[in-house]
Structure formats: structure tokens, C-alpha cells
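This is what each chain is made of:
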Amino acid sequence: MPHMYHSMRRFGFSLHRHISSLPSSSTVPSGTRTCCLLQRVFPGTSPGPSCQRRRDVSTALGSHIQEPSGSEQRLLDKLYEGLIGGQRASLAESITLVETQHPRKKELAQVLLQRVLVYRREQESRNGGKPVAFRVGLSGPPGAGKSSFIEVVGKMLTARGHKVSVLAVDPSSCTTGGSLMGDKTRMTELSRDMSAFIRPSPASGTLGGVTRTTNEAIVLCEGAGYDIVLVETVGVGQSEFAVADMVDMFVLLIPPAGGDELQGIKRGIIERADLVVVTKSDGDLLVPARRIQAEYTSALKLLRRQSKAWNPKVVRASSYTSEGIPEVWAKMESYRDAMLARGELQGRRRAQQKVWLWTLIQENALCHFQNHPSVREALPHLEERVTKGAISPGLAADLLLKAFSSSSSSSPSSSSSSP
Ligand SMILES: Nc1nc2c(ncn2[C@@H]2O[C@H](COP(=O)(O)OP(=O)(O)O)[C@@H](O)[C@H]2O)c(=O)[nH]1
Ligand SMILES: [Mg+2]
């Protein structure tokens, strides 16, 4: 049966072309036609959920992507089967595929991703429409104790039978190739744990690119059966806002340190926090940790509530002594349960999908615009005139947009740019 399902999915692509050539006057809805055709080719196939799955994959990709060759198809099949079978090597390889800059591999990554999305949606519908995994973002200044915290929480969760994946978004690796996070080093035990998967941030790319691939990596981790996905990011630049937009719960980790170290924490990000954890609440740091907890508790009271189901809380924990760690997780669980019960978590995910769609459109459209020959030609001159005050920025923008839209449909290079 898996073999047959396999070959039927492979068939989805050629099928799509085949269907497109059917007379358009046909009164049968296109989806039904796919199923009927499949039944003709594979007798015994019933138009059930798997039929829907094939239809979804082929419809979503449409003629956008060139049909995979035999070897490409074998690679995709191998990755997909390995991934949903929960193999860590297949998951790692699949994430590498979504991180690639190679144009064709990027397309194949979308084919794989689309399959995993369809698979995951089926899992969700079997789960009463509720998400099958819990996504938690963890942010805080460098040295706050994020990695140490993830190591301890991660081990506790795998011991309880969960499968935990840890993804990292490091803005410093995008610009300098260096790392602010020190990544795996403090997760030595968790990285040896067979129920855990740790993936450091890619060492290059734009922040936009890295956050996009992180979003896609989350989907792949969930497809591989990881029911808890932790995304670690450092509280520098915009990465923490990007992470807040891709998780179910956003957690801010704050060290019990003096004012200077806490200066860097942006007010905007405190507003996004569903939970604040004061770290290193042990030994000499216990007293300052209590003080910071009290300060943040009163600060949070002044902020507008993000959710009807949940009031942000401030807790203390120590990764050294494990004190407070089970309680922090219990808080996270009660957040998830409250948000699920009111449908807020599902709503948040839907809203996030839309935010991401528009983020990607904006990035690509801007790139498209900047690379357009007419724009490139006119830009230096117009920029100069604007800076000299000779024309207004509004007029210059209008002129550039006019140049772009009047010839963008006829320009051969206008469709070849990518970010
Ligand atoms: N006292 C104490 N130190 C901690 C604790 N957790 C982490 N640290 C120390 O804080 C430093 C930064 O930890 P790390 O987990 O790498 O922070 P990250 O940069 O936020 O990931 C390291 O020297 C840790 O040993 C804790 O619970 N108690
Ligand atoms: Mg770290």
C-alpha cells in the first residue's frame, strides 16, 4: 500500500498536465476529475483523504514548478518517507534543501514542503482541527541563559516522552558569519538525545531569508513527528520580532543582572512576551532574581493584554539547580491549553500565515522592483535630485513606479530576479 501511494503521488505531476489538457467545457469540477482519473489509472482508489492529498499537492504547485526528473523524484520520495518516518538524517537533509540558494533545489524544496503540509493538515484534522505541535519562541539578551534553559527543559520533555526540536535564528550569523549564540556548545546532552533534534542557524543569508527557512523548518520538524518545537533567538536586531511571528508562545528570558545588561531589551518585545522567565535564580543571584521578577511583574501590568485567554506572567528558574523548571513548563502548558480552548492559538496561526505571505511578497516585490532595468537606470539620477532637494521624494517614487509598471510586463529580465 505505501508503494502504491508513493507512485500515485509521483503521478500527481504528469496527471496535472494531463488534466489541464481536458476540455474546459467539462462540467465536472477539476478536483473530481483528478479523483476520477486516478481511479481509472489505479483501480481500487477511493476518493477519500489520500485523493484529496494528491489533489492538494498538484493543485497548489500547478504549472509553477517543472516536473521533477526521475532522480529528483527519487530524492524527494526518499526525503519525504524518511521525514515522516521520523528519521533525523532525513529531517536534516530536508532542512538543508529548504535553506539552499540553488534555484532548482529551491523548487524541489517547495514540492517537498507542500507534501509535508498536506500530510500535516491531515494529522491536524484527525486531531479535531487542533495543531499537533506546540511552537515556543525563546528570546533574550546574549548570555541570558537561553541555551542552558533549553537544554534542561528539553531533557525533561524527552524524558516525559515528547519529541523536541530546537531551531536557532541568529541575526549575527547573517551579517558577520559569526555567532552570538554559541549554539550547540551548551546543549551537549540534548544533542545526544535520540528524541531531540538541534539545528543551528544557517551561517549566511539575509535575516529575511533565515526567518523564512526557519518557518519552513518548523513545518518539516512537525512532519517528522516533533511535537514540541523550540526556536531560540538572541534579542538583537529584528530577529526576535520575526520569531514572535512564527510561534504559538513567545517567551522572554531575562538574567538577574544590573540595569546595563537589561538596557538592550526593547519595550516592544516585552509587550510581545506571553511569559517572562528570570533565569539563574540560584545562589547569589537569587535575591536579584526576585527583585527583577517583581519589577517585571509590575511593568507587565501596565501593558495592554494581547489575549483574552491569557495574562502574561513572570516566573523564576535555574538551569543549574533545575528549580522552577517544571513549573515554567507547567505555565507553558496552561497557556497552550487556555489558548487552544478559546481557539486563540489557531487564530494566531492563521494570522501569522497571512503576515508571512505579505512579508514574502514585500521582500520579493521590492527586489523585483530594484532589479528592474528601467528602475536601475533612472534610480541614481532621481536619488541625487531628491537628496539635493530638486524634486520631492514623492514625485521621484511616482516616476520610478511609473517606469516600473509601464515596462515590467515586456521586460525579459524582470521575472528572473530573486532575493
Ligand atoms: N548561575 C547560573 N548561571 C547560568 C544558568 N544558566 C546559564 N548560566 C550561565 O550563563 C552563561 C550563559 O548561558 P547560555 O545558556 O549560553 O546563555 P545564552 O547566550 O542566552 O544562550 C553561561 O556561563 C552559563 O553557565 C543558571 O541557571 N544559573
Ligand atoms: Mg545560546
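Residues numbered from 1 in each chain as written. Chains lettered and ligands numbered in written order. Predicted model: local features only at pLDDT ≥ 70, side-chain atom pairs only at ≥ 80, totals over all residues.

Regarding the overall build of the protein chain
Reasoning step 1: Counting its secondary structure elements, the protein chain contains 18 helices and seven strands.
Reasoning step 2: Across the 419 residues that make up the protein chain, the buried fraction comes to 33%.
Reasoning step 3: A sequence separation of at least 24 residues applies to 73% of the contacts in the protein chain between residues at least 6 apart. (Helix = DSSP H or I, 4+ residues; strand = E, 2+ residues; numbered from the N terminus. Buried ≥ 20, exposed ≤ 12 C-beta atoms within 10 Å, placed from the backbone. Contact = placed C-beta atoms within 7 Å.)

Some remarks on the sheet that holds strand β4 (residues 228-234)
Reasoning step 1: Reading across from one edge, β3-β2-β4-β1-β5-β6-β7 is the order of the seven strands in this open sheet, with parallel pairing throughout. Across the chains shown, the open sheet's two edge strands, defined by having one partner strand only, are β3 (196-199) and β7 (313-316). Going from strand to strand, the sheet's axes swing by 20 degrees on average, the running direction of each strand aside.
Reasoning step 2: Pairing analysis gives four bridges linking strand β1 (residues 134-140) to strand β5 (residues 249-254), with the strands arranged parallel. Considered in β5, the bridge of serine 139 is made with leucine 252. (Pairing = 2+ DSSP bridges. Axes fitted to C-alpha atoms, helices over the stretch in contact; angles between N-to-C directions.)

Considering unusual backbone geometry
Reasoning step 1: Even without a glycine there, the phi angle at lysine 280 is positive, about 55 degrees.
Reasoning step 2: On the secondary structure map, lysine 280 appears in the loop between β6 (275-278) and α14 (286-301).
Reasoning step 3: A positive phi angle, near 70 degrees, is found at serine 322, a position not held by glycine.
Reasoning step 4: Here serine 322 is to be found in the loop between β7 and α15 (325-341).
Reasoning step 5: Owing to 14 C-beta atoms within 10 Å, serine 322 belongs among the partly exposed residues under this scheme.

Details of the site of ligand 1
Reasoning step 1: In the region of ligand 1, 18 residues are neighbours, and Gly145, Lys146, Ser147, Ser148 and Lys280 sit closest.
Reasoning step 2: With three residues, helix α7 (residues 146-159) is the largest single contributor of residues to the shell around ligand 1.
Reasoning step 3: The residue makeup of the shell around ligand 1, split by class, is five nonpolar, nine polar and four charged. (Near = placed C-beta within 6 Å. Nonpolar A, V, L, I, M, F, W, Y, C, P; charged D, E, K, R; others polar.)

Notes on the packing of helix α6 (residues 103-126) against helix α10 (residues 207-223)
Reasoning step 1: Running from amino to carboxyl end, α6 crosses α10 at an angle of 55 degrees, the nearest separation of the two axes being 9 Å. The orientation of α6 relative to α10 falls into the category oblique. Considering the relative orientation of α6 and α10, their crossing is left-handed. Counting all contacts with α6, which are made through Leu113, Val116, Leu117, Tyr119 and Arg120, the residues of α10 involved are Glu216, Val219, Leu220, Glu222 and Gly223.
Reasoning step 2: For the contact of α6 with α10, a count of residues per class yields six nonpolar, one polar and three charged. (Parallel < 35°, antiparallel > 145°, perpendicular 65-115°, else oblique. Left-handed = near helix turned anticlockwise from the far one by under 90°.)

Concerning the pairing of β5
Reasoning step 1: Burial analysis of β5 places six of its six residues in the buried class, the great majority of the element.
Reasoning step 2: Neither face of β5 is open: one carries Met249, Val251 and Leu253, the other Phe250, Leu252 and Ile254, and all of them are buried.
Reasoning step 3: Across four bridges, the pairing between β5 and β6 is parallel. Pairing of isoleucine 254 across the sheet is with valine 278, part of β6.

Regarding the packing of helix α4 (residues 70-84) against α6
Reasoning step 1: Following both chains from N to C, one finds α4 and α6 inclined at 35 degrees, their axes separated by 10 Å at the closest point. Both α4 and α6 take part in a crossing whose hand is right-handed. Contact residues: Glu72, Leu76, Leu79, Tyr80, Leu83 and Ile84 in α4; Leu108, Val111, Leu112, Arg115, Val116 and Tyr119 in α6.
Reasoning step 2: Looking at side-chain class alone, the contact of α4 with α6 contains ten nonpolar, no polar and two charged residues.

Description of the nonpolar core
Reasoning step 1: Counting residues in each nonpolar core, the largest one holds 71 residues, and the members touching the most others are Leu112, Leu230, Val231, Val251, Ile254 and Val276.
Reasoning step 2: It is β5 that provides the largest number of residues to this core, a total of six residues.
Reasoning step 3: Three or more residues apiece are contributed to this core by two domains, here domain 1 (2-126) and domain 2 (134-350). (Core = buried A, V, L, I, M, F, W, Y, C linked by C-beta atoms within 7 Å. Domains from an automatic or database assignment.)

Quick look at the environment of isoleucine 84
Reasoning step 1: Along the chain, the position of isoleucine 84 falls in helix α4.
Reasoning step 2: Here isoleucine 84 falls in the partly exposed class, since 18 other C-beta atoms lie within 10 Å of it.
Reasoning step 3: It is 8.8 Å that separates the C-alpha atoms of isoleucine 84 and leucine 220, two residues lying 136 residues apart in sequence.
Reasoning step 4: Setting aside its immediate chain neighbours within four residues, isoleucine 84 contacts Tyr119, Gly223 and Ala224.

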